[in-house]
Amino acid sequence: MRELPKQYDPKKVESAVYQQWLDGGYFHARRDPDKKPFTIVIPPPNVTGQLHLGHAVDETIQDVLIRYKRMKGYSALWLPGCDHAGIATQIKVEEDLRVNEGLTRFDLGREKFLDRVWDWKNKYGDRIVQQLRTLGSSCDWERQRFTMDEGCSKAVREVFCSLYEKGLIYKGKRIINWCPHCTTALSDAEVEYEGKPGHLWHLRYPLSDGSGEVVVATTRPETMLGDTGVAVNPADERYKDIVGKTCILPLVGREIPIVADEYVDMAFGTGCVKMTPCHDPNDFEVGLRHDLEQILVIDDNGRIINGGKYDGLDRYEARKVILRDLEEQGYLVKVEEHIHNVGTCYRCHSDVEPLASDQWFVKMEPLAKEAIRVVEDGTIKFVPDRFAKTYLNWMHNVRDWCISRQLWWGHQIPAWYCDDCGHVTVSREDACRCEKCGSENIHRDPDVLDTWFSSALWPFSTLGWPDKTEDLEYFYPTDVLVTGYDIIFFWVARMIFSGMEHMKKEPFKTVLIHGLVRDPHGKKMSKSAGNGVDPIEVIDQYGADALRFNLITGNSPGNDMRFYVERCEAMRNFANKLWNAARYVMMNLTVEKNALPAELKLEDKWILSKLQSLIGSVNENFDKYELGLAATKIYDFIWDSFCDWFIEITKPRLREGDVGAQQVLLYVLTDILRLLHPFMPFITEEIYGAIPHEGEALIVEIYPEFDEALSFPKEEADFESIMEAVKAVRSRRAEMNVPPSKRPHITLATEKPAVFEAGKVYMANLAYAGGVNVVPQAPADTAGMVTVVTGDAKLFMPMAELVDLDKERERITKELEKAQKDIANQERKLANESFVSRAPERVVAAERDKLAKAQALAENLAESLKNLG
RNA sequence: GGAGGCUUAGCUCAGCAGGUUAGAGCGCAUGCUUCACACGCAUGAGGUCGCGCGUUCGAGUCGCGCAGUCUCCACCA
């Protein structure tokens, strides 16, 4: 047996334990036909990213589930991997290039630039994996994947082609969200709206026939260069006469039509809206209906084009100049303050420019149908289920998904354009000639796919799809997907419809949603705010187990949590507590095998019975994904039941060399380690290795199951009567400031003499009794005695001389009043006819019992009062 | 505009299907060098569970309304 240090030092233990697991090959899931599979695919972190607390929560939850299922005998696969993170990674490498070499990606050219990104990936791709290991993640590293590895790329290509062939991918001109800083299109989900103060400018557009004018209101005057019409509501009496006429666009001089369209809100502004089809999604639609001209006036860099003398100006500069000109020429009617929502890029927070552009889209409506069905009919469950509503709401209103990105880092779109006939060839193999005219004069679409396009396939591409692999056969569909609510739309939704479309089977059965980790003030953690906490530093200081336990407890599923380092300290203390409990058990151990003694004492039955209840509810909690509750219950059992009571109680027995006590201690400790292992894997494995055990490692031990044979409700209750008496004596002594050295002889009157006779030794030890005399009835003369009363017993201590009698009288009177109030309450309840007849018998019985106890208590208290004189 | 969350001890939060006396961590107070642990032990103070109405024998828990607060979605030129 190893000598354990007094304080647990996670740093000395964790890496060695992790290595032990790796050496044992325990993380690797085998396709065992005799076992049931349990699969989780990791939400792939950005390959060049660093672990933050959000990951830590996510990984901890997954690891807890995986370890639990592994111990339950499943072939538990946790499949790890990374995401290439198109925009994020490309921006980082470009930044690096700019700072260190003063180059842009265009200076290098596509191929060389991509080499650089791969270098970058290889340099940093390992860091996140190392960090996952530090946390204790039991991933199957032999199956590690990357969204741009060969297999995943093949899957992406297959999906693109198959959707294209089904007509579910199309290329079209639409208003897309354009980030002029990142110079790429963004999907709707990648745009964040921010309410910003702005203005509403009213502009005068004169009618061509000179009969008057219309006044339009706009928040973006610079887009007027691209106006190709003015719209009013067809029901608007004010403008009935001018529909069909034309007006002259100021500064530009273009003659543009006035059209009637339902889209216009009569109550807003002037009821006249300028139409800029190329720079506003609504105007684009109106423009299509009324055949308005499309003029693009802002380019990819946010500068004016097709705007005559304004060409080349930045869009916001142009706004100033145009407004000045409009005002000078008398077209500006008035300016109002106006707060409006501006779309910003989720990456760089530049204002998004809506502009008409050729992009690739996934047609969502047909795909959404199945994705809605499987959630509505419960094939896929969200936990907590309120998130199903969020999901369905989005899916019901989903718009086509813009999947092309004007980046280089990612899966290049497998489409080739024929320079001769214009035909588009979409192909699984790299094309050399046009499939229509055979021309070799073709060029490939330079754009890449949205990063989420490949992550959408993650649950099956990682298992080998599109090949029919054994892994896919065995492990798909996966069981649980664990993620934060912030990426339900980005990722979860897209995996669901992808799984249904390509696998014809849901990608997972349960989506377990957790909240965000915030700082102590409830703010989102971010680099710019400087309030981020590095999980690696926390682990360094408190240990991975403490961090894990902190993150898994003290919050409810789906809710955000605040991160307090103080809580890590508390959890570190807990680990230390367990460490010392184990150390103590080992110090006293002479047996070499974990087996219960033939004969169990009362307290043995009590702790075993408590253990069984714990096991039962922990398993239940696990099945309902209530991990925090399970963890808290284990914590309470270890600290309160096991350490504060059972260890204390068995001390005298150990001193006397009672082997049975050792056996029970070892038995309970072993079950504790098993129960706690998924949450605190390192310390439990380390202790397990130091105590007598038969298995190879704790990680592959069997998780405890409720055992009826070790459940002793009666003994449990009896022992708790004794505990109550002990607590009552302690409490009284503390109130009276009695030093521990005073060990009075206690006379204990009870109707359960057998129980308390057995409890004598505990009283002596835990309640500082000099001796205990159990009697059936209170002594005749109790004058000069302090009385302590519990539900089952009256205890008398000859210590009147140590007590302030007045204070004692006061205290007892107070207690008596409370007892009487309780009696009144109970009596009222029981006098209620409908309660007695309608409430379950068990409840009524409990109430009766309570009344009886309260009456007994009151009686005893009254007597004590009398004795005090 | 639509949807959802939160409101429980000084602070941060639990409270799983309505049923003894509403819990934890931290903090606070008092006393302990008790031979596993001061990262500890014991004891204690502190709560009209946001407000109102309702359902029920019984509501922190279920329903409705209100107030405060946060988030998401849509978006108004």
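Residues numbered from 1 in each chain as written. Chains lettered and ligands numbered in written order. Predicted model: local features only at pLDDT ≥ 70, side-chain atom pairs only at ≥ 80, totals over all residues. Heavy atoms only, no water.

A. View of the overall build of chain A. On a plain count of helices and strands, chain A comes out with 26 helices and 29 strands. A compact globule built from 869 residues should have a C-alpha radius of gyration of about 29 Å, whereas chain A, at 37 Å, is more than 25% larger. Here the C-alpha coordinates of chain A stretch approximately 120 × 65 × 55 Å along the principal axes. Burial status across chain A gives 54% buried among its 869 residues. The contacts in chain A between residues at least 6 apart in sequence include a share of 77% that link residues at least 24 apart. Each charge class in chain A can be summarised by its mean position, and for the 108 positive and 136 negative side chains these summaries are 3 Å apart. (Helix = DSSP H or I, 4+ residues; strand = E, 2+ residues; numbered from the N terminus. Rg over C-alpha atoms; globule rule 2.2 N^0.38 Å. Buried < 20%, exposed > 50% of the residue type's maximum accessible area, 1.4 Å probe, protein only. Contact = heavy atoms within 4.5 Å. Lys, Arg positive; Asp, Glu negative; His and termini not counted. Charge placed at Lys NZ, Arg CZ, Asp CG, Glu CD.)

B. Summary view of the protein's contact with RNA strand B. Close contacts around RNA strand B come from 59 residues, with Gln7, Phe268, Val273, Arg838 and Lys850 the closest. Protein-proximal atoms of RNA strand B, defined as those within 4 Å of the protein, fall in sugar or phosphate at a share of 65%. Trp639 is positioned such that a nitrogen or oxygen atom in its side chain is 2.4 Å from a phosphate oxygen of RNA strand B. Ser731 is positioned such that a nitrogen or oxygen atom in its side chain is 3.0 Å from a phosphate oxygen of RNA strand B. Examining the composition of the surface near RNA strand B, we find that 10 residues originate from one element, helix H17 (residues 565-587), more than from any other. Partitioned by chemical class, the residues of the surface near RNA strand B number 22 nonpolar, 17 polar and 20 charged. (Near = heavy atom within 4 Å. Polar contact = N/O pair within 3.5 Å; in protein donor to acceptor, adjacent residues only side chain to side chain. Nonpolar A, V, L, I, M, F, W, Y, C, P; charged D, E, K, R; others polar.)

C. Representation of the confidence of the model for chain A in the model. This prediction gives chain A a mean pLDDT of 88; 98% of its residues lie at or above 70. Overall fold confidence (pTM) sits at 0.88, and the ipTM for the predicted complex is 0.93. (pLDDT = per-residue confidence, 0-100.)

D. Representation of the pairing of strand S28 (residues 786-789). Alternating residues of S28 divide into Val786 and Val788 and Thr787 and Val789, and every residue in both groups is buried. As judged from the 4 bridges shared by S28 and strand S29 (residues 793-797), these two strands associate in the antiparallel manner. Looking at the pairing, Val786 lines up with Met797 of S29. Between S28 and S29, which pair antiparallel in sequence order, lie 3 residues. (Pairing = 2+ DSSP bridges.)

E. Structural context of the pairing of strand S27 (residues 771-775). Within S27, 4 of the 5 residues are buried, which leaves the element mostly enclosed by the surrounding structure. The pairing of strand S26 (residues 745-750) with S27 spans 5 bridges and is classified as parallel. The partner of Leu748 across the bridge, within S27, is Val774. With helix H23 (residues 753-766) bridging S26 and its parallel neighbour S27, the resulting β-α-β unit is right-handed. (Right-handed = clockwise from strand over helix to strand, strands pointing away.)

F. Inspection of the nonpolar core at higher detail. Among the nonpolar cores identified, the biggest contains 207 residues, and Phe382, Tyr391, Phe453, Phe642, Val668, Phe679 and Met763 are the most heavily contacted of them. No other element matches the 13 residues that helix H19 (residues 627-655) contributes to this core. Leaving out residues up to four positions away in the same chain, Tyr391 has contacts with Ala371, Ile372, Val375, Phe382, Ile488, Ala493 and Ile496. Among the nonpolar cores identified, the runner-up in size contains 28 residues, and Ile242, Cys272, Ile298 and Tyr331 belong to it. (Core = buried A, V, L, I, M, F, W, Y, C linked by side-chain atoms within 4.5 Å.)

G. Region of interest: the side chain of Ser498. Tracing the backbone shows Ser498 in helix H14 (residues 488-503). Ser498 gets classed as buried once you look at its relative accessible area, which sits at 3%. Other than its neighbours up to four places away in sequence, Ser498 contacts Ala456, Leu457, Phe460 and Met503.

H. Geometry of the packing of helix H18 (residues 602-623) against helix H20 (residues 659-676). Relative orientation of the contacting elements H18 and H20 amounts to 15 degrees, with a least axis distance of 11 Å. The orientation of H18 with respect to H20, classified from their angle, is roughly parallel. Crossing angle aside, the handedness with which H18 passes H20 is left-handed. Mapping the contact onto sequence places Asp604, Ile607, Leu608, Leu611, Leu614, Ile615 and Val618 in H18 and Val664, Tyr667, Val668, Asp671 and Leu675 in H20. (Axes fitted to C-alpha atoms, helices over the stretch in contact; angles between N-to-C directions. Parallel < 35°, antiparallel > 145°, perpendicular 65-115°, else oblique. Left-handed = near helix turned anticlockwise from the far one by under 90°.)

I. Up close: the packing of helix H9 (residues 365-376) against H14. Closest axis-to-axis distance for the H9/H14 pair is 8 Å, and the angle between their directions is 105 degrees. Considering their axes alone, H9 and H14 lie roughly perpendicular with respect to each other. Only Ile496, Phe497, Met500 and Glu501 of H14 make contact with H9, whose side of the interface consists of Leu367, Glu370, Ala371, Val374 and Val375. Classifying every residue of the contact of H9 with H14 by side-chain character gives 7 nonpolar, no polar and 2 charged.

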